[in-house]
Amino acid sequence: MAEGSVRPVEEADRIVVARLVLELWGAHTSVAHGEVFFPASLPGFLVEKQGQVLGLLTYVVANHQLEIVTIDALRRGRGVGTALVDATVRQARSLGCNRVRLTTTNDNLDAVRFYQRRGFKLVALRPDAVREARKLKPEIPAVGEFGIPITDELDLERWVAPRQ
C-alpha cells in the first residue's frame with residue numbers, strides 16, 4: 001500500500017503541478033514521439049500525505065488509449081509509483097480505454113523494470129528519436145542515468161479490459 005493517498009489533480013493544484021514539472025523535468029514541457037505536452041494543463045493524479053505531495057502522474061486520452069505523460073515518485077520504494085499506475089489503470093478502464101501506454105528513454109532502466117513488473121510490455125523502439133525531441137525541448141540532457149547516452153525512445157503498454 002502506498003504511503004499517502006491518491007487523488008485526481010484539481011484546478012487548484014495547477015500551480016503546484018507546474019512547479020513540480022519544472023523542477024523534475026527541467027521545463028514546462030514534456031516531449032514524446034514528436035509531440036509536445038504541457039503536463040500542468042493535463043489531467044492526472046497526486047499522491048499526498050499530510051498535505052505534502054509524494055507523487056504526480058499526468059496523462060492524455062486519445063483513440064481508446066490513455067497515455068502517461070509524466071510520472072514521478074518523490075520518494076522511491078514506498079508504493080507511490082505503483083499507486084499512481086493503479087489509479088491510472090482504473091481511470092483508463094472507466095473511460096473505456098483498452099490500453100495504457102507511455103514513452104521513456106533508453107537510459108531509464110529503473111523505469112523499464114518498474115513498468116514491466118506492473119504488466120507493461122515493450123512495444124516499440126525509436127532509435128535516435130531523442131535527437132528530434134531535443135529540437136522541441138533542448139533541456140533534454142545528452143547523458144542520463146548510469147552514464148548512458150540518451151538517444152532512443154521506448155514505448156511500453158499495458159492492455160486493460162474496459163469496465164463493462
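Residues numbered from 1 in each chain as written. Predicted model: local features only at pLDDT ≥ 70, side-chain atom pairs only at ≥ 80, totals over all residues. Heavy atoms only, no water.

1. Quick word on the pattern of salt bridges
Logical step 1: Under the definition given, this model contains 13 salt bridges.
Logical step 2: Residue glutamate 157 pairs with arginine 99 through a salt bridge whose shortest N-O separation is 2.9 Å. With glutamate 157 in strand β9 (residues 153–159) and arginine 99 in strand β7 (residues 99–105), this pair connects stretches of sequence that are 58 residues apart.
Logical step 3: Across the salt bridge formed by aspartate 155 and arginine 101, the nearest N and O atoms sit 2.7 Å from each other. One end of the pair, aspartate 155, is in strand β9; the other, arginine 101, is in strand β7, and 54 residues separate them in sequence. Residue aspartate 155 shares its accessibility class with arginine 101, and that shared class is buried.
Logical step 4: One continuous salt-bridge network, built from bridges that share partners, spans Glu67, Arg101, Arg126, Glu153 and Asp155. (Salt bridge = Lys/Arg side-chain N within 4 Å of Asp/Glu carboxyl O. Helix = DSSP H or I, 4+ residues; strand = E, 2+ residues; numbered from the N terminus. Buried < 20%, exposed > 50% of the residue type's maximum accessible area, 1.4 Å probe, protein only.)

2. Remarks on the UniProt feature "domain: N-acetyltransferase" (unreviewed entry) in the protein
Logical step 1: Feature annotation in UniProt assigns "domain: N-acetyltransferase" (unreviewed entry) to the following positions: residues 4–141.
Logical step 2: Annotated as residues 4–141, this span is 31% helix and 36% strand, and its ends, taken at the C-alpha atoms, are 31 Å apart. (UniProt positions renumbered as here; feature names shortened; annotations may be inferred.)

3. Some thoughts on helix α1 (residues 14–25)
Residues spaced three or four apart along an α-helix point in a common direction, a consequence of the helix completing one turn every 3.6 residues.
Logical step 1: The end-to-end C-alpha separation of α1 is 16 Å, in line with the 16 Å expected for 12 residues at 1.5 Å each.
Logical step 2: Within α1, burial applies to Arg14, Val17, Ala18, Leu20 and Val21. Looking straight down α1, one finds its buried side chains confined to an arc of 165 degrees; they lie on one side. Along α1, the residues that are exposed and aim more than 90 degrees away from the buried face are Ile15 and Glu23.
Logical step 3: Buried residues in α1 make contact with β5 (52–62). (Expected span 1.5 Å × (residues − 1). Arc of directions from axis to C-beta. Contact = heavy atoms within 4.5 Å.)

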